[in-house]
Amino acid sequence: MKLEILMQSLWKEYLKTKDINLLAKACEKAPFFGQKEMGKEIAKILRKTK
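Not measured: the values here are computed from a predicted model.

Criteria and thresholds
Residues numbered from 1 in each chain as written. Predicted model: local features only at pLDDT ≥ 70, side-chain atom pairs only at ≥ 80, totals over all residues. Heavy atoms only, no water. Helix = DSSP H or I, 4+ residues; strand = E, 2+ residues; numbered from the N terminus. Rg over C-alpha atoms; globule rule 2.2 N^0.38 Å. Buried < 20%, exposed > 50% of the residue type's maximum accessible area, 1.4 Å probe, protein only. Contact = heavy atoms within 4.5 Å. Areas by Shrake-Rupley, 256 points an atom, 1.4 Å probe, with all protein chains shown as cover. Lys, Arg positive; Asp, Glu negative; His and termini not counted. Charge placed at Lys NZ, Arg CZ, Asp CG, Glu CD. Polar contact = N/O pair within 3.5 Å; in protein donor to acceptor, adjacent residues only side chain to side chain. Salt bridge = Lys/Arg side-chain N within 4 Å of Asp/Glu carboxyl O.

Asks: I tried to follow the overall build of the chain on my own but got confused; where do I start?
Replies: Scanning the chain for helices and strands turns up three helices and zero strands. In sequence order, the chain lays out its α and β elements as α-α-α. For a compact globule of 50 residues, the expected C-alpha radius of gyration is about 10 Å, and the chain comes in at 11 Å, within 12% of that figure. In terms of principal-axis extent, the alpha carbons of the chain reach across some 30 × 30 × 10 Å. By the burial criterion, 18% of the 50 residues in the chain qualify as buried. Taking contacts inside the chain between residues at least 6 apart in sequence as the whole, the part at least 24 apart equals 23%. Per element, the accessible surface of the chain, about 4,100 Å² overall, is 62% carbon and sulfur. Treating the 12 positive side-chain charges of the chain as one cloud and the 6 negative ones as another, the clouds have centres 3 Å apart.

Asks: Can you help me understand the environment of Glu28 in this one?
Replies: Tracing the sequence through the fold places Glu28 in helix α2 (residues 20-29). The spatial distance from the C-alpha of Glu28 to the C-alpha of Met38 is 8.5 Å, given a sequence separation of ten residues. What Glu28 contacts, discounting residues up to four positions off in sequence, is Gly39, Ala43 and Arg47.

Asks: Whenever I open this one, α2 confuses me. Can you help?
Replies: Every α-helix carries 3.6 residues per turn, so stepping three or four residues along brings you back to the same face. Leu22, Ala24, Ala26 and Cys27 are the residues of α2 that are buried. On its buried face, α2 is in contact with α1 (2-17) and α3 (36-48). The backbone nitrogen of Asn21 lies 2.9 Å from a side-chain oxygen of the residue at the head of α2, namely Asp19.

Asks: What should I look at first to understand the pattern of salt bridges in this one?
Replies: Side chains carrying opposite charge are able to pair once their charged atoms draw close together. Applying the stated criterion across every chain yields a total of three salt bridges. Here Arg47 makes a salt bridge to Glu28, at a shortest N to O gap of 2.6 Å. Of this pair, Arg47 sits in helix α3 while Glu28 is found in helix α2, placing the two residues 19 residues apart along the sequence. On the basis of relative accessibility, which here comes to 32%, the residue Arg47 falls in the partly exposed class. The partner of Glu41 in a salt bridge is Lys44, and the shortest N-O contact between them spans 3.4 Å. Of the two residues, Glu41 and Lys44 both sit in helix α3, three residues apart, roughly one turn of that helix. The class of Glu41 is partly exposed, set by a relative accessible area of 40%. For Lys44, a relative accessible area of 43% corresponds to the partly exposed category.

Structure follows, in structure tokens:
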């Protein structure tokens, strides 16, 4: 439940600010079905697009 609240908070803040770092942080925290490296890679790509 804690992760769900974090994701809701990050998404809500992203919608207000359009700060890509918030999406990247969400990717780093998301479990991606046990593939943590996938989230890290997506976050890295997102941060490069700033």
